[in-house]
Protein chains: 2
Amino acid sequence: MSVTREKIMELGESLIRTKGYNAFSYQDISTELGIKNAAIHYYFPTKENLGTSILKTNIQRFEEMTDNMQSRGFDEWKQLDSFIKIYVKSHREQKLCIVGSLGPDVYTLGESTKAELFKMTEKIITWLTNLLDSGRAKNIFAFEGEAVNKATTIFSALVGGLQISRISGNTDFKSLYMSIAEDLKP
Amino acid sequence: MSVTREKIMELGESLIRTKGYNAFSYQDISTELGIKNAAIHYYFPTKENLGTSILKTNIQRFEEMTDNMQSRGFDEWKQLDSFIKIYVKSHREQKLCIVGSLGPDVYTLGESTKAELFKMTEKIITWLTNLLDSGRAKNIFAFEGEAVNKATTIFSALVGGLQISRISGNTDFKSLYMSIAEDLKP
DNA sequence: AAATATACTTACTAATAAGTAAGTAACAAA
DNA sequence: TTTGTTACTTACTTATTAGTAAGTATATTT
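What counts and what doesn't
- Residues numbered from 1 in each chain as written.
- Chains lettered and ligands numbered in written order.
- Predicted model: local features only at pLDDT ≥ 70, side-chain atom pairs only at ≥ 80, totals over all residues.
- Heavy atoms only, no water.
- Salt bridge = Lys/Arg side-chain N within 4 Å of Asp/Glu carboxyl O.
- Helix = DSSP H or I, 4+ residues; strand = E, 2+ residues; numbered from the N terminus.
- Buried < 20%, exposed > 50% of the residue type's maximum accessible area, 1.4 Å probe, protein only.
- Near = heavy atom within 4 Å.
- Polar contact = N/O pair within 3.5 Å; in protein donor to acceptor, adjacent residues only side chain to side chain.

A. Broad picture of the pattern of salt bridges. Residue and element names in this part refer to chain A. All chains considered together, the criterion is met by 22 salt bridges over all chains. The salt bridge partner of Asp-81 is Lys-85, with a shortest N-O separation of 2.7 Å. You can see Asp-81 and its partner Lys-85 sitting in helix H5 (residues 76-92), four residues apart, about one turn around the helix. One salt bridge connects Lys-185 with Glu-182, and the closest N-O pair in it is separated by 3.6 Å. For Lys-185, a relative accessible area of 44% gives the class partly exposed. Overall, the relative accessible area of 37% leaves Glu-182 in the partly exposed class.

Put into structure tokens, the structure is as follows:
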């Protein structure tokens, strides 16, 4: 695949996670990459097209990661830890996760982008739910109630945590991570 | 104060919490209110001015609410419950909270808006921290670690929860609320 | 050698954005 | 009665946006 195309997607994702979908323009990308805005339209005819492509790549990356952890035989703690580390890294880079940055804009997105955003959210929560359930069955995790509720709470705290910590300059993100972990210890 | 001015602020807040700050325009407001965009500029010379004013009002409302609960002698559970109910209401209205909707746009906001957003976030976390601390001292709440970390986690989960539940159509928000409450029971 | 495909640029268009300057109608104050 | 104030409208300007049509240089295929 084209290097320019990949650079556009990479920068596009970075801009979404930094400034937000409705605040970035093709000009932001073209200036940074030293190309013309029409070059971006060559690869991604519409902005919706670019947004959708970025989300599809993110879904793919997420699936590759979870498949990889599964095939390597990571236990539930290790898998949860690896997932949370994505957020620790985002926090270090002062970026939101893609779901958390597109979430508030959901009503302004085109249908295909909205569909991918929904799909990604669903995949994450389903994966987390299964992880929590299987961890509880093995007595590795302990928590009350349905796993899907715990999964939603954890995911919400991570998504919201990145936003809150970025507003207040830099709240200690490690403590959020510890708070989630502590909460699951038997 | 002017009725038009109040309607502008009310609609402005609603638009921020629905479409996001960078997706709404003075046209959205003027069309809805049947006035011209210059009329909005008469009350709020710049968009930043409007955003800042909306945040200031929100801070004031928050302080009035907490003061009111204090003076009425609400216990810690009742206070936490009342706070969470704001989010339950937001969820019902399919709106985000103002912090969660402006959060992702923080790098695109003007200095004065950013300052108020920071102030509001800080006030909420400080209030929640004190509430959790005093509740724990009375053995009404039970949790490990520092109260400020628990406060941040709870606030993050609420802010993120509204976003996640709105993406996936309508995840049961009540369960998030229960999950937080369950977690604090001694 | 001619035709085709790739990866762009040049040069626009149409729409929408925030913002402004000057005017006006209605009412109150001096 | 004039003067000023409030609450707007009219009529713009300037900048930026997503998006497009047509052209071009380079490499690849036939």
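B. Quick peek at the protein's contact with DNA strand D. Taken together, 17 residues lie around DNA strand D, and His-41, Thr-46 and Lys-47 of chain A together with Thr-4 and Tyr-43 of chain B are the ones closest in. Close to the protein, within 4 Å, the atoms of DNA strand D are drawn from sugar and phosphate at a rate of 70%. Contact distances for DNA strand D include 3.4 Å between a phosphate oxygen and a backbone N or O atom of Phe-24 of chain A. Taking Thr-4 of chain B, its side chain carries an N or O atom lying 2.9 Å from a phosphate oxygen of DNA strand D. Among the secondary structure elements, those contributing two or more residues to the surface near DNA strand D are helix H2 (26-33) and helix H3 (37-43) of chain A together with helix H3 (37-43) of chain B. A total of four residues in the surface near DNA strand D trace back to one element, the largest contributor, which is H3 of chain B.

C. Just the protein's contact with DNA strand C, in detail. The immediate surroundings of DNA strand C are formed by 16 residues, with Thr-4, Lys-36 and Tyr-43 of chain A together with His-41 and Lys-47 of chain B found nearest. In DNA strand C, the atoms that sit within 4 Å of the protein are 70% sugar and phosphate, with bases accounting for the remainder. Side-chain polar atom of Ser-25 of chain B to a phosphate oxygen of DNA strand C: 3.2 Å apart, as the coordinates give it. Between DNA strand C and the protein, one listed contact pairs a phosphate oxygen with a backbone N or O atom of Lys-47 of chain B at 2.7 Å.

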